[in-house]
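Listed below, chain by chain, are the residues.
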Amino acid sequence: MGLQELVSPGIGRSDGRPLAQVPRNQRSDSDELDAGPRCRETSTGIPTHEEASPYSLVDICLNILIANLEKLCSKRPDGTLCLPEHWSFPQEVADRFLGVMTWEGKLTDRTASIFQGNEMKLKLANIQKAKLSTAAFIKAFCHHRLIELDATAVHADLTVPDIVSGLCSNSWIQQNLRCLLLDSTSIPGDSRKLCFGQLTGLRILSVFSVCFHNEDLANVSQLPRLESLDISNTLVTNISALLTCKDRLKSLTMHYLKCLTMTKPQVLAVIRELKYLVHLDISDHRQLKSDLAFHLLQQKDILPNVVSLDISGGSCITDGAVELFIQQRPAMQFVGLLATDAGYSDFFTTKQGLRVAGGANMNQISEALSRYRKRSCFVKEALYRLFTETFSVQITMPAILKLVAIGMRNHPLDLPVQFTASACTLNLTRQGLARGMPVRLLSEVTCLLFKALKNFPHYQQLQKNCLLSLTNSRILVDVPFDRFDAAKFVMRWLCKHENPKMQTMAVSITSILALQLSPEQTVQLKEELFMAVKELLAIVKQKTTENLDDVTLLFTLKALWNLTDESPAVCKHFIENEGLTIFIQVLETFSESAIQSKVLGLLNNVAEVRELSSDLVTEDVVKHISSLLHSKEMEISYLAAGIIAHLASDRQPWLSRELQRSALLQDLHATVQNWPSSSCKMTALVTYRSFKAFFPLLGNFSQPEVQLWALWAVYHVCSKNPSKYCKLLVEEEGLQLLCDIQEHRGADPQALRIATAILDDFRMHFMNYQKLLLCEMPFT
């Protein structure tokens, strides 16, 4: 018995979906060839309608297929999986299937083999972060007619030369592959020049954070259709080779080109020749104090067609210089100014059609988080600005929270990103703000916070932020997350920290999480539970000694009540650690019903454990319980009666006190008879995970007083929550016990009346759940 209290980042889509998962007719022009920093990265706000809506039927079906691949597929001699030959997937569904597998981390050599046959026809392939061998990649993907491939950050077993070689083995791909993303993909140390020359159809190439050299740039620059190139954070020292494609190149991204040895005039001379550029990104890390952007802004005869310029992180940049540059190019639509001294004048808020990634206001910060999601240096900067901007925010911002989640997911091992993101999460979800957030989004953020805890177990402030987020009732009650891990973390925190405020939070969270754990999980948490019970009892003892009935005491008593629910081992540990003595002191010190109810609730849990009942049959316990049986507070009387019913049903502990036991049973019978209807209201909402502790009482015809209390309790909870408790009675086969009472000739008249009332009043509920149970039974 307990007291019941209460997103996936894509390669460039602003909605977080990989482009391969987006139907062609739903794409914008910017998805096809964006003027922004990446071939398909848009910089619009992040919509959250997906998180607020049910999963689509296609996604549900794909998830079921992926979860059951082993059952649905046959196996080849080498152990890899093979789809049934008669299956056929439409191209868009096949692309999406691959994208979901990749996103869920299910794409391996063994599973990728399902794409070897003709059942799947891929066009837009996303294998981000997959662990694939070269042989598996070639067999699974290189026979398809691919026009786009995202191989961002694939495992080191699959290298850039292997990917390019595999793609070039298909003549159709050579001529028609349009987009190739190889960001953060490895190249062997002994590898020679990368041979992209055969991919003659390539329009978009990204080699961000790849060992890409001058000779590779020269090779790529000769591609006849190349329009968009990202060479950020590569080993390029000289960009003169770009002059080869000056009449074709429309988008050039060279963020953090740290190895560049050319002088600024030489770099500007090359850029001046790239007259068809519509997007240029020369952003840099702020610490490098690069002034290339400063000199670029002074040029008048440069970038005549540019509509997007990113100079974030540049030094010596002023509002005036940027304004003048934009005024000379009125078609400009975007400028990146994060981590600079520019972007603060009214010009940037009043200029129609101009988007700014910066730190001056929420619009600029949102744009920055969207644009720079894969650049940790800028994500940190934007999150820091966001924290300041949202410190006292009063409106719900799900789109902003989603951007925070994307930053956390993309940089799991970057402590400044994780810490600042956790602080921003608190700002965006505190108090009532979480109520307006989609549950799915809150679930993702909460899971990311716990992932950060595992990656940085010794960073206390990050742990505090996670603990604070769990105090939010919306998250703790409504949001799906790993409650087992959460309970383990919170209990360990409780036992290690003595800060009163943090202790109170940990106790309150523990009290709620305890009811959300299954019995199997409770057994697995035995060590943490025992430590927590000992610590909680110490808190109760201290508060009782100080005669201090504050909120911490209430939370602690509630936590102990819930931790002992359906857990005989924890109940035993409670007894062994002088819990009974401490709780008697509580009853003798405090007379508030809120405290009494929690003490009695726990003692009910202990009384339900047959082998511990003798520990409760003491003079002090019996005296207090029999006194509280006559309380004017209905819930206090009810809980006291429950303890008496459980204790008195076992004659063994009362061998020398039979007269006292008989008197208690008479008192119990008279009290229950005087209670109002079983459907009456009680202040404290007492809940049960199972009725199994009631079954010995319901079948006890020799002691009708005990049977009467159990029947009253069953009727009461069924009337309050029939959908839960009627189903529970059916599932645990408790209806037969009620029927037995109906049919028993010696049944107590009042017990017979209540049993009949339960069966009659909730008949429709029972019939519905019995039908449902039959439908759920496996076929034999």
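This one's a predicted model, so the numbers in the text were calculated from it and none came from an experiment. (Residues numbered from 1 in each chain as written. Predicted model: local features only at pLDDT ≥ 70, side-chain atom pairs only at ≥ 80, totals over all residues. Heavy atoms only, no water.)

A separate point is the packing of helix α3 (residues 57–67) against helix α5 (residues 91–103). The contact between α3 and α5 brings their axes to 10 Å, and the two run at 60°. Classified by the interaxial angle, the pair formed by α3 and α5 is oblique. Regarding α3 and α5, the two cross each other, and that crossing is right-handed. Along the contact surface, α3 presents Val58, Asp59, Leu62, Asn63, Leu65 and Ile66, while α5 presents Val93, Arg96, Phe97, Val100 and Met101. (Axes fitted to C-alpha atoms, helices over the stretch in contact; angles between N-to-C directions. Helix = DSSP H or I, 4+ residues; strand = E, 2+ residues; numbered from the N terminus. Parallel < 35°, antiparallel > 145°, perpendicular 65-115°, else oblique. Left-handed = near helix turned anticlockwise from the far one by under 90°. Contact = heavy atoms within 4.5 Å.)

The subject of this paragraph is the sheet that holds strand β10 (residues 279–281). As summarised here, the arrangement of the 10 strands in space is β4-β5-β6-β7-β8-β9-β10-β11-β12-β13, forming an open sheet in which the pairing is parallel. Each edge of the sheet is formed by a strand with only one pairing partner; in this case those strands are β4 (124–126) and β13 (355–357). The sheet shows a mean angle of 5° between the axes of neighbouring strands, taken without regard to direction. In terms of strand pairing, β10 meets strand β11 (residues 308–310) through three bridges, oriented parallel. Of the residues in β11, the one forming a bridge with His279 is Ser308. (Pairing = 2+ DSSP bridges.)

In this section: the confidence of the model for the chain. Low pLDDT means the predicted coordinates in that region are not meant to be read closely. Mean pLDDT over the chain: 89, with 91% of residues reaching 70 or higher. Long-range and interchain partners of residues 3–47, a stretch whose pLDDT sits below 50, account for 159 contacts in this model, where long-range means more than four residues apart. (pLDDT = per-residue confidence, 0-100.)

Let's shift gears to unusual backbone geometry. Its identity as a non-glycine residue notwithstanding, Lys289 has a phi of 50°, on the positive side. Mapped onto the secondary structure, Lys289 falls in the loop between β10 and α12 (292–297). For Asn547, which is not a glycine, the phi torsion comes out positive at approximately 55°. Considering the arrangement of structural elements, one finds Asn547 in the loop between α25 (526–545) and α26 (551–563).

For the coordinates displayed, the defined rule picks out 23 aromatic pairs. Look at Phe97 and Phe115: their rings are 6.3 Å apart centre to centre, the planes differ by 55°, and that puts the pair in the tilted class. Pair noted here: Phe97 is in helix α5 and Phe115 is in the loop between α6 (109–112) and β4, with a separation of 18 residues, a long-range link. Here Phe97 and Phe115 have matching classes, each one buried. A centroid spacing of 6.3 Å and a plane angle of 55° characterise the contact between Phe489 and Trp493, whose relative ring orientation is tilted. Residue Phe489 and its partner Trp493 are both found in helix α22 (residues 483–496); the two are separated by four residues, about one turn of the helix. We classify Phe489 as buried; its relative accessible area is 13%. An aromatic cluster is defined as three or more aromatic residues linked by ring pairs; in this entry it consists of Tyr638, Trp675, Tyr688, Phe691, Phe694, Trp709, Trp712 and Tyr725. Lying across the ring of Tyr55, Arg440 places its NZ or CZ 3.6 Å from the centre. (Phe/Tyr/Trp six-rings, centres within 6.5 Å; stacked < 30°, edge-to-face > 60°. Buried < 20%, exposed > 50% of the residue type's maximum accessible area, 1.4 Å probe, protein only. Lys NZ or Arg CZ within 6 Å of the ring centre and 35° of its normal.)

Glancing now at the environment of Asn427. Residue placement: Asn427 occurs in helix α18 (residues 415–429). Spatially, the C-alpha atoms of Asn427 and Phe387 are 7.2 Å apart, while their sequence positions differ by 40 residues. The residues touching Asn427, leaving out its near neighbours within four places in the chain, are Phe387, Thr390, Phe391, Val393 and Leu433.

Let's shift gears to the pattern of salt bridges. Considering all chains together, one arrives at 26 salt bridges under this definition. Among the ionic pairs, Lys106 bridges to Glu104, the shortest N-O distance being 3.9 Å. Since its relative accessible area comes to 38%, Lys106 is described here as partly exposed. Under the relative-accessibility criterion, Glu104 is labelled partly exposed at 33%. Here Asp291 and Lys264 are joined by a salt bridge, their closest N and O atoms 3.1 Å apart. Note that Asp291 is positioned in the loop between β10 and α12 and Lys264 in helix α11 (residues 264–273), a separation of 27 residues in sequence. What emerges from the salt-bridge pattern is a single network uniting Arg286, Glu381 and Arg385. (Salt bridge = Lys/Arg side-chain N within 4 Å of Asp/Glu carboxyl O.)

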